[in-house]
Amino acid sequence: MMEFVRYSSGIEAPDPNFDSALHTVLEDLRQQVTASPKFDGGVAVRNAHAKGYGLARGEVEILADIPPEYAQGIYLKPGRHEAMVRFSNGQPHINSDRLLGSVCGIGLKIFGIEGRKLLDDEPDSRTFDYAMINYPIFFANTVEHYIFVLKIGAQASAPPPPTELPQERRARIARFLHDFITGMGTLEPENWAWEELAALAQFAQIPFVNLLLSTYHTMGAVRHGDHVAKLRIAPDKEFADRVVRRALDVNAAQQVFRPALVAELKERPYEFDIQVQLCTNLYEMPIEDVTVRWPESLSPFVTVAKLRLPQQDIGGDDNLERMDATSMSPWRVTEDHRPLGNIMRARKEVYRLSSTLRHQLNHQTRKEPEDLAEVFG
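Residues numbered from 1 in each chain as written. Predicted model: local features only at pLDDT ≥ 70, side-chain atom pairs only at ≥ 80, totals over all residues. Heavy atoms only, no water.

Per an unreviewed UniProt entry, the recorded name for the protein chain is Catalase, and the organism is Microvirga ossetica.

Right under this line is the structure:
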């Protein structure tokens, strides 16, 4: 019988530089979001996941007869909840899908979840969010290194000049690698970001496929009631096998993700499994090192709920407008599902500031909806 790590308030490692580093990240974020209307069609966009591919209605069914170690927090009581899913690209700007790449994510919002939420400015919200990526790890273990990732990423995301020579391309890549590993020359050799670079290289292997065929991960650890866990949302095989538009050719058109997603949901419903992986030991399944993949041989994923997307048309411009008005945060959760670790702690204020600033600049009301009808009319 497996033994699982018990959650305690002292399970996270303290970081004396966290507050100052987070302040730097937030200032950079403020400048980025404020400047974004100049580059993204006059509209302020998110500092990450700027380009959305669609907002889908859904339902989450929390299953009965879940093993007690997994039936924790909101998964303790079986039942059905309205939900919605925002599909997006992970980049902080808007461009063609080929240039943005294949790192994509989902924001899942579940309605009707009682209990105090961990966002200080909306503790009474009855929504519960997950913000997930289509890869199980992340490429920065600390907020200190994330500072450099943001700066280097902003530089690297600019398209190269059309007249770039091969030697110029090699020099540009060499500068990127040097800056990434050394923290733009500020890190001592013993702290160079080799693990982060290895993780980043893995992101380049993510295939261009229909967004319904990807598996989405929390990347970082979260509290799971009495235990510690990572979660993923994986395609239900029966529904995945029915997807017609599977591999996507990014050289065939400027936009490939949204048309394929819209077409599939217009023709048929879809289902994902919401799954939990519990931590069995903190050495091989660390909390602070989000570049480490937790081995499934030590602890398998167990399905605790179903995410169902009914057949629907999300192809209109009104869908994009509703999608851009939404707000997702990995900290819009109850205490039983508290995000854990350095990077996950940083995401609390990063997501909050990105959302509030974006809504202000776009003259949008920032308010959590009560149900699907409030979102879709």
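Once you've had a look at it, read on.
Peer 1: What exactly am I supposed to notice about the pairing of strand S4 (residues 127-133) here?
Peer 2: Of all seven residues that make up S4, seven are buried, and the element is covered over most of its length. Sheet topology places strand S3 (residues 104-111) next to S4; seven bridges connect them, and they run antiparallel. In the strand pairing of S4, Ile106 is matched with Met132. (Buried < 20%, exposed > 50% of the residue type's maximum accessible area, 1.4 Å probe, protein only. Helix = DSSP H or I, 4+ residues; strand = E, 2+ residues; numbered from the N terminus. Pairing = 2+ DSSP bridges.)

Peer 1: Could you clarify how one ought to interpret the domain arrangement of the protein chain in this entry?
Peer 2: As a measure of interface size, the accessible area lost when the parts come together is often cited. Domain assignment breaks the protein chain into domain 1 (17-135 + 207-375) and domain 2 (137-205). With 23 residues of domain 1 at the contact, the number on the domain 2 side is 19 residues. Around 2000 Å² of area is buried between domain 1 and domain 2 when both sides are counted, 65% of it from carbon and sulfur atoms. Its largest share of buried area at the contact with domain 2, domain 1 owes to Tyr135, Thr291 and Ile343, together 31% of the area lost on that side. Connecting domain 1 to domain 2 are zero salt bridges. At the surface where domain 1 touches domain 2, the tally comes to six residue pairs in polar contact (both at pLDDT 80 or more). Elements supplying a minimum of two residues to the side of domain 1 that touches domain 2: helix H1 (18-39) and helix H9 (342-361). (Domains from an automatic or database assignment. Contact = heavy atoms within 4.5 Å. Buried area = accessible area lost by both parts, 1.4 Å probe. Salt bridge = Lys/Arg side-chain N within 4 Å of Asp/Glu carboxyl O. Polar contact = N/O pair within 3.5 Å; in protein donor to acceptor, adjacent residues only side chain to side chain.)

Peer 1: Even after reading the chapter, I still don't get the packing of aromatic side chains, so can you show me in this structure?
Peer 2: Two measures describe an aromatic ring pair: the distance that separates the ring centres and the angle between the ring planes. Evaluated as defined, the whole model comprises 13 aromatic pairs. Ring plane angle 45° and centroid distance 6.0 Å describe the contact between Phe138 and Tyr146, whose orientation is recorded as tilted. By the ring-pair criterion, three or more aromatic residues cluster together here, those being Tyr135, Phe138, Phe139, Tyr146 and Phe203. Across the ring face of Phe376, the terminal group of Arg57 is positioned such that the distance to the ring centre comes to 4.3 Å. Sitting over the ring of Phe239, Arg242 keeps its end group 4.8 Å from the ring centre. (Phe/Tyr/Trp six-rings, centres within 6.5 Å; stacked < 30°, edge-to-face > 60°. Lys NZ or Arg CZ within 6 Å of the ring centre and 35° of its normal.)

Peer 1: Is there a simple way to explain the packing of helix H4 (residues 166-182) against helix H5 (residues 194-203) in this structure?
Peer 2: Each packed pair of helices is defined by two parameters, the angle between the axes and the distance between the axes. Viewed as axis vectors pointing N to C, H4 and H5 meet at an angle of 130°, and their least axial separation amounts to 8 Å. It follows that H4 is oblique to H5 by the angle criterion. In this structure, the crossing between H4 and H5 has a hand that is right-handed. Residues Phe176, Leu177, Phe180 and Ile181 of H4 touch H5, and the partners they reach there are Trp194, Glu196, Leu197 and Leu200. Taken together, the residues of the contact of H4 with H5 break down into seven nonpolar, no polar and one charged. (Axes fitted to C-alpha atoms, helices over the stretch in contact; angles between N-to-C directions. Parallel < 35°, antiparallel > 145°, perpendicular 65-115°, else oblique. Left-handed = near helix turned anticlockwise from the far one by under 90°. Nonpolar A, V, L, I, M, F, W, Y, C, P; charged D, E, K, R; others polar.)

Peer 1: Sorry, what's going on with the environment of Val350 here?
Peer 2: Here Val350 is to be found in helix H9. Distance from Val350 to Ala48, taken between C-alpha atoms, is 9.9 Å for residues 302 residues apart in sequence. Look past the residues within four positions of Val350 in its chain and what remains in contact with it is Leu22, Val25, Leu26, Leu29 and Asn47.

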